[in-house]
Amino acid sequence: MSKARLLPPCGYQGGKRKISRAIAAELMRGSAGRVYDFCTGSGAVSLSLIEAGLPAHSLTLVDSGPWGQFWQMLLSDRLDLDLMQATANELQAMDPLKVAAWLQGLAWTWQPPEHWLWLQAGTFGRLPVWWDGSRWRCGSHSCQRSYHAAGHWSAPDGSRAAPTLASPARIMQRIGAARSALDGAQALHCAVEAVTVERGSVVYVDPDYQGTPGYSASLPLEELLPTWLEAGCDVYCSEQTVRLEPHEVIEMGQRQASGLRGVSKRQDSEKLLIWRAQ
C-alpha cells in the first residue's frame with residue numbers, strides 16, 4: 001500500500017503543491033547537505049523534500065510571515081493542537097453563514113497561529129492573509145470582505161465552484177502528518193536576509209511573483225543571490241523576473257490558477273531558475 005501524500009495544511013495562492021515533487025527532485029540532485037526552503041509558505045516543497053528522502057534534520061524552513069510563525073511553533077511543539085482540534089470540531093458542524101461571520105470577526109484583531117490558520121484556510125481565492133499592524137488583510141484587500149459562505153467545506157451540488165475551505169478534519173490530519181514528517185527540521189520565523197546559510201548548502205527560494213498582490217513583505221533577492229553563491233550554494237528560484245542571468249532554466253509546466261467561479265485559468269509557465277555555485 002502506498003503512503004498518503006504529504007500535503008500542506010490548506011491552499012495558498014502561489015503555493016507549489018502541484019509541482020512540488022518535481023521541484024524537490026531537482027533540489028535533491030544538488031543536495032549534499034542542508035537545504036534551505038526560503039519563503040516556505042504552506043510548506044509544499046519542504047514536505048515533498050521529505051517524501052523524496054531528505055532527512056528532516058537537513059532541512060530549514062524560513063518565512064517572515066504568518067506561515068513562518070505557524071511552522072516554527074508547530075515544530076517546536078508550542079502550537080496548541082488541542083485548541084485547534086476543538087475549533088475544528090466546532091467549525092465542522094457550524095452553519096456556513098456562521099462560519100463566514102466567525103472568520104470575519106477574527107479579522108479585526110490580531111490572532112495567534114491557532115486561529116490565523118483558519119483565516120488563511122477560509123480566504124476567498126486563497127489569497128495570503130497577513131497582519132498590517134492594525135488588522136488582518138487578505139491579499140491587498142480588507143480581510144473582512146474576503147469570506148464567502150457559499151463555499152464552506154464543499155461546493156453545492158451541480159456547482160463548478162471550488163470549495164472555499166478545506167474540511168477542518170482534513171486540515172488537522174495534514175497538520176499531524178506534517179508534524180511527524182518534519183520532526184527534526186528547523187523552522188525560522190524571520191526575514192530571509194537574517195539567515196546565514198551553511199557553506200555548500202542548497203538554497204530554494206519562492207518569492208512573490210511580480211504583479212501579484214498582497215504579500216506582506218518583499219524579498220531583496222538580487223542582493224542575496226551573490227552572497228549565497230559566494231558561500232558555495234546552488235540556488236534554485238521559482239521566479240521569472242530576476243535580472244541576474246541563471247545558469248539553467250527548467251520548464252516545470254503551465255501554472256494553473258482556479259478562477260473565483262471555478263473556471264481554470266492558464267497563466268504563464270512555471271520555471272525553475274538555477275544558479276550553480278562558483
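Refer to the structure printed above.
Attention now goes to the overall build of the chain. The helix and strand tally for the chain stands at 8 helices and 10 strands. Out of the 278 residues in the chain, the part that is buried amounts to 48%. A sequence separation of at least 24 residues applies to 71% of the contacts in the chain between residues at least 6 apart. Only carbon and sulfur atoms are counted for the fraction: they give 49% of the accessible area of the chain, which is about 13300 Å².

The subject of this paragraph is the nonpolar core. The biggest cluster of nonpolar side chains holds 51 residues, and the ones touching the most others in it are Leu59, Phe70, Trp71, Leu117 and Leu182. Looking at this core, the element that brings in the most residues is helix α3 (residues 66–75), giving 6 residues. In contact with Leu117, not counting residues within four places along its chain, are Pro9, Cys10, Trp67, Phe70, Met84, Ile171 and Ile175. Among the nonpolar cores identified, the runner-up in size contains 21 residues, and Leu225, Cys233, Val235 and Cys237 belong to it.

Looking now at the side chain of Ser167. Here Ser167 lies in the loop between β5 (141–142) and α7 (168–181). In this structure the side chain of Ser167 is engaged in a polar contact, spanning 3.3 Å, whose partner is the side chain of Gln92.

Right, let's get into the environment of Val202. Inspection of the secondary structure puts Val202 in strand β7 (residues 202–205). Val202 gets classed as buried once you look at its relative accessible area, which sits at 1%. The spacing of Val202 and Asp37 is 165 residues in sequence and 8.8 Å in space, taken between C-alpha atoms.

A few words now on the environment of Ala187. Its location among the elements puts Ala187 in strand β6 (residues 186–188). Residues Ala187 and Asp63, spaced 124 residues apart in sequence, show a C-alpha to C-alpha distance of 8.3 Å. When neighbours within four sequence positions are excluded, Ala187 is seen to be in contact with Leu61, Trp71, Gln72 and Leu75.

Moving on, we come to the packing of helix α5 (residues 96–106) against helix α6 (residues 113–122). Close contact between α5 and α6 brings their axes to 10 Å; oriented N to C, the two are set at 120 degrees. The angle between α5 and α6 places the two elements in the oblique class. The handedness of the crossing between α5 and α6 comes out as left-handed. Contacts between α5 and α6 pair Trp102, Leu103 and Leu106 from the former with His115, Trp118, Leu119 and Gly122 from the latter. Partitioned by chemical class, the residues of the contact of α5 with α6 number 5 nonpolar, 2 polar and no charged.

This structure, assessed with the given rule, holds 0 disulfides. No disulfide involves Cys39; its sulfur sits 8.6 Å from the nearest other cysteine sulfur, which is in Cys237.

The next thing to look at is helix α8 (residues 221–230). Buried within α8 we find Leu221, Leu224, Leu225, Trp228 and Leu229. For α8, the angular spread of buried residues about the axis comes to 135 degrees, placing them on one side. When the buried face of α8 is taken as reference, the exposed residues oriented beyond 90 degrees from it are Glu223 and Glu230. Once α8 ends, the next one or two residues include Gly232, with phi positive near 80 degrees.

Here the focus is the packing of aromatic side chains. Following the criterion strictly, the structure yields 7 aromatic pairs and no others. Taken together, a centroid distance of 6.2 Å and an interplanar angle of 20 degrees make the contact between Trp67 and Trp71 stacked. You can see Trp67 and its partner Trp71 sitting in helix α3, 4 residues apart, about one turn around the helix. Judged by relative accessible area, Trp71 falls into the buried class, the value being 1%.

What counts and how
Residues numbered from 1 in each chain as written. Predicted model: local features only at pLDDT ≥ 70, side-chain atom pairs only at ≥ 80, totals over all residues. Heavy atoms only, no water. Helix = DSSP H or I, 4+ residues; strand = E, 2+ residues; numbered from the N terminus. Buried < 20%, exposed > 50% of the residue type's maximum accessible area, 1.4 Å probe, protein only. Contact = heavy atoms within 4.5 Å. Areas by Shrake-Rupley, 256 points an atom, 1.4 Å probe, with all protein chains shown as cover. Core = buried A, V, L, I, M, F, W, Y, C linked by side-chain atoms within 4.5 Å. Polar contact = N/O pair within 3.5 Å; in protein donor to acceptor, adjacent residues only side chain to side chain. Axes fitted to C-alpha atoms, helices over the stretch in contact; angles between N-to-C directions. Parallel < 35°, antiparallel > 145°, perpendicular 65-115°, else oblique. Left-handed = near helix turned anticlockwise from the far one by under 90°. Nonpolar A, V, L, I, M, F, W, Y, C, P; charged D, E, K, R; others polar. Disulfide = S-S within 2.5 Å. Arc of directions from axis to C-beta. Phe/Tyr/Trp six-rings, centres within 6.5 Å; stacked < 30°, edge-to-face > 60°.

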